[in-house]
Amino acid sequence: MLRTLFIVGVGGFIGSVMRYLVQLFVERDMSSTFPWGTFVANIAGSFIIGAVFALAQKGNLLSAEWRLFLAVGICGGFTTFSSFAYNNLTMLREGVYGQFILNVGGSLVFGLLAVYLGMIAVKAIF
């Protein structure tokens, strides 16, 4: 278990640093308020996680440890949106449309609500 945590943690560190660098690079000369760095990271991370799982389905191309390192670690540190996108695509492929709608809608609505409530909580305390 400790080895698995280390593998995921190292991948997460790399992914987080990559996300920061992508954001700096993409937004360095922009004056737009649109979060282009986040957008690019989310799309790139979705592509990467798709490639990782496609390779994993090919047989012995990726060990379980490499999948953890790349998908959970790097992609998880780079963007959780990639996991969100992959999970939703899986639900669509499996035909569980109710779960798909619940996950997409619930994540959007409750995610926005949670951010708002977190901001209110901090304002109330400080």
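Residues numbered from 1 in each chain as written. Predicted model: local features only at pLDDT ≥ 70, side-chain atom pairs only at ≥ 80, totals over all residues. Heavy atoms only, no water.

### Remarks on the layout of surface pockets
In this structure, the largest pocket encloses a volume near 160 Å³. Together, S46, I49, G50, F53, A54, Q57, S82, A85, Y86, L89 and R93 line the largest pocket. Ranked by the residues each element gives to the lining of the largest pocket, the list is headed by helix α2 (residues 36-57), at six residues. Residue composition of the lining of the largest pocket, by class: six nonpolar, four polar and one charged. (1 Å grid on protein atoms, 1.4 Å probe; cavity = no way out; pocket = protein on both sides within 12 Å on 5 of 7 lines; lining within 4 Å. Points joined across faces, edges and corners; volume = space filled by probe spheres on them. Helix = DSSP H or I, 4+ residues; strand = E, 2+ residues; numbered from the N terminus. Nonpolar A, V, L, I, M, F, W, Y, C, P; charged D, E, K, R; others polar.)

### Quick word on the side chain of S82
With respect to the helices and strands, the residue S82 is situated in helix α4 (residues 81-94). Within polar-contact distance, the side chain of S82 engages the backbone oxygen of T79 at 2.9 Å. Setting aside chain neighbours within four positions, we find S82 in contact with G45, S46, I49 and C75. (Polar contact = N/O pair within 3.5 Å; in protein donor to acceptor, adjacent residues only side chain to side chain. Contact = heavy atoms within 4.5 Å.)

### Comments concerning the packing of α4 against helix α5 (residues 97-125)
At a minimum axis separation of 8 Å, α4 and α5 run at an interaxial angle of 155°. Considering the angle they form, α4 stands roughly antiparallel to α5. In this structure, α4 crosses over α5, and the sense of that crossing is left-handed. In this structure, α4 contributes F84, N88, M91 and L92 to the contact, and α5 contributes Y97, Q99, F100, N103, V104 and S107. Class assignment of the residues belonging to the contact of α4 with α5 gives a composition of six nonpolar, four polar and no charged. (Axes fitted to C-alpha atoms, helices over the stretch in contact; angles between N-to-C directions. Parallel < 35°, antiparallel > 145°, perpendicular 65-115°, else oblique. Left-handed = near helix turned anticlockwise from the far one by under 90°.)

### Considerations on helix α3 (residues 64-78)
Taking 1.5 Å as the rise per residue, α3 with 15 residues should run 21 Å; its terminal C-alpha atoms sit 19 Å apart, in good agreement. Within the sequence span of α3, burial applies to F69, A71, G73, I74, C75, G77 and F78. On the buried face of α3, the contacting elements are α1 (2-27), α2 and α4. (Expected span 1.5 Å × (residues − 1). Buried < 20%, exposed > 50% of the residue type's maximum accessible area, 1.4 Å probe, protein only.)

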